[in-house]
Amino acid sequence: MNAQQSKTAGSTQPDHLYKGRRASLPLNIVVIGCGLGGLAAAYCLAQAGHNITILEAASAIGEVGAGIQSSPNVSRLLMRWGLGPQLQEIGVKIQALSLKRWSNDEVIGWTPLGDLIDKEYGFPFYLLHRADFHRVLYEAAEPHCNIRVNSRVVSVDPSKPSVTLASGEIVYADLLIGADGVKSVTREHVVGGPDKPRATGDAAYRALIPAEKLLQDDDLRPLVEKMESNIWMGPAGHIVGYTIRAKKEFNLVMMHPDDTEGGIESWTAEGNVDKMIETYKGWNTTVQKLLALVPSTLNWRLMDRDPLPSWIHKDGKLALLGDSCHPMLPYRAQGSAMAIEDAAVLGNLFSHCSDRSQIAPLLCAYQSIRYHRATATQRSSSLNRFIFHKPDGPEQEERDREMRAAKEDALRVARGEKSTYALTGNSNQWADKTKSDIQFGYDADEEVEKWWLVNGKRLTALVPSIELKPRVMSSANRDH
C-alpha cells in the first residue's frame, strides 16, 4: 500500500497557521505511533498540506496514565490550533507550586502561577488527565489523516522509505516520522543498532483518588481547593499531587528507589499498595492520609537515555520525534511539551516544501531548531531528581534555605513590593525567572519563522553548504 491513500488536510485549516501557507508539493507522510506526539505531528503536517497516515500497533486508540501538565509553551500551541475551549473544559488551571518537607508538611518553597503565568507568558498553565489530553488531540487530528490500528511496525527501510507491518504489508511513503515512544523501533534504525536504556534507580507509583474523598477530610480539603501542584521532598524520593478533571480527581505520583529485579519500562505494571505505604512510612500525616485513600496503584520503572547525536537517519527520509529521540524523566513535567513543540516545528517547516529534494534539508532544519532545547530540558529534568531527593543534612538545609528565600521574595511581590532576591540558579527551578522565560516563553512557530528568515532562501535554493548539525554534548558535560 502507498500512504497516498490517506486523508488529506482538506479545507478546514485554520487560516492563521503558518501564516496561511501550505506546501506546494503535498508529501505522503507516515507517522509511526498514535500517542500525543504522533497525533500532534499528524495534525501539524496535515495542516501544512500533506497526506498523513498514522500507524498504531494497538487494536484500539486510547491512552493510559494519569496527570499531565500543559505549561504555557504547550497551551499557546494548542490554543493556536483552536483547542482552547477543550483545554478549559478538561483542565485545572494551576494556581501555585508548593514544595514541602517530607517529615512535617512544612512549605519550603512556593511559586505563584495562575493569573501571573497568564500575564507573564500570555497563555495559561493547565493540569490535565493524560487520557483527556489524548482524546482532544485525536479529535483534532482524525479528520485530517488516516489512522490505522492493528498496524504494528516490525521493520523499517529508511532508504525507500517504507515500513513492514506484522501482517506482512509494506507501506511506502515520502517521509517517515518515528513517534513510537520510549520503546521506539524507529530509533534503532537512526542509531544503527539496539539502544538499551539504563536504570535510574528510581521508580514511580501512580494513583488517582476521587477528590470527594479529600474534601471529606479537613487536613486534605485544601489540596483540592487551592488548586496547587504539591511536591513533598524527602530522602531518596518525592511525591507529586494535584487535582485534574475539573477538580474531580486527585493525581498522585510517588517517586521511590527502584527495587525491582530485571523490571521493564512500563506505564501499566501493577504495584502493591501495602508496599507503597511501607515505602513512605514516617512521612507526614498528610501523606499518610493520602496513601490510605489509594485503592490501587501502578509502578512505573524510570529509565534514562543519553541524548542522541542525531534524530535523523543518514538517508534523510526518517526523523524521530518526542520520546523516541529525547525521552524525559518526569521531574520537570516537560516530556509531552517537547513532543508537541517538535510537532509544531515540523509542521511549520514542511509548509514550505515544494520539492522532494527539500525533505532532508527540512529535517536537518527541524533538528537544528529543536536539538539544543530538547537536550537542555532533558538535563533540567534530571537535575530536579538530585534537588528533591537529598537526604537530611547540610545539602538539604542549604536547598531549603534557597527555596525559603525565593518563597519570601514571591510573597513580597504578591503584596505589591519589589523583588529583593536574586533567583537565578535557585533550587526551586520554577522560581528561577530566567529558566521559566526559557521554558514557558518559547514559541515553536516563532522559532521556525526566525530560522527561516536567516536560512530559508538558501534552503529553497538547495545550497548544500548550510551547516545544520547541532552541537552535541558528551555525557561528561551533562548537568547533574
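Quick caveat: nothing in here was measured; it's all calculated off a predicted structure. (Residues numbered from 1 in each chain as written. Predicted model: local features only at pLDDT ≥ 70, side-chain atom pairs only at ≥ 80, totals over all residues. Heavy atoms only, no water.)

Looking at this structure, how should I read helix α12 (residues 359–388)?
Since one α-helical turn is 3.6 residues long, residues separated by three or four positions face the same way. Its 30 residues place the ends of α12 43 Å apart at the C-alpha level, agreeing with the 44 Å of an ideal helix rising 1.5 Å per residue. Of all the bends in α12, the greatest measures close to 40° and is centred on R370. Within α12, 23 of the 30 residues are buried, leaving the element largely enclosed by the surrounding structure. (Helix = DSSP H or I, 4+ residues; strand = E, 2+ residues; numbered from the N terminus. Expected span 1.5 Å × (residues − 1). Bend = angle between axes of the 7 residues up to and from the residue. Buried < 20%, exposed > 50% of the residue type's maximum accessible area, 1.4 Å probe, protein only.)

Honestly, the packing of helix α1 (residues 36–47) against helix α11 (residues 335–350) in this entry has me stumped. Any pointers?
Pairs of packed helices are described in terms of their axes, by the angle between the two and the distance that separates them. Running from N to C, α1 and α11 point in directions that differ by 20°, and their axes come no closer than 8 Å. Taken as axis vectors, α1 and α11 run roughly parallel relative to one another. In this structure, α1 meets α11 at a crossing whose hand is right-handed. In this structure, α1 contributes L36, G37, A40, A41, C44 and L45 to the contact, and α11 contributes S336, A339, I340, A343, A344, L346, G347 and F350. (Axes fitted to C-alpha atoms, helices over the stretch in contact; angles between N-to-C directions. Parallel < 35°, antiparallel > 145°, perpendicular 65-115°, else oblique. Left-handed = near helix turned anticlockwise from the far one by under 90°. Contact = heavy atoms within 4.5 Å.)

Is there a simple way to think about the sheet that holds strand β11 (residues 170–172) in this case?
Within a sheet, neighbouring strands are paired by backbone hydrogen bonds and run either parallel or antiparallel to one another. Taking strand neighbours across the sheet as the criterion, the three strands line up as β9-β10-β11 in an open arrangement whose pairing is antiparallel. Two strands lie at the open edges of the sheet, namely β9 (153–157) and β11, each paired on one side alone. Each strand of the sheet is rotated relative to its neighbour by a mean of 25°, with strand direction disregarded. (Pairing = 2+ DSSP bridges.)

Would you take a moment to explain the sheet that holds strand β18 (residues 318–320) for this structure?
With parallel pairing, five strands are arranged side by side in an open sheet as β8-β2-β1-β12-β18. In the strand order of this sheet, the two ends are held by β8 (146–148) and β18, each with one partner. When strand polarity is set aside, the average angle formed by the axes of neighbouring strands in this sheet is 20°. Sheet topology places strand β12 (residues 175–178) next to β18; three bridges connect them, and they run parallel. When the sheet's bridge partners are listed, L176 is paired in β18 with L318. In the packing of α1 onto the sheet, contacts are made with β1 (28–32), β2 (51–55), β8 and β12, and the angle to β2 comes to roughly 170°. α12 contacts β12 and β18 of the sheet and is inclined by roughly 15° relative to β18.

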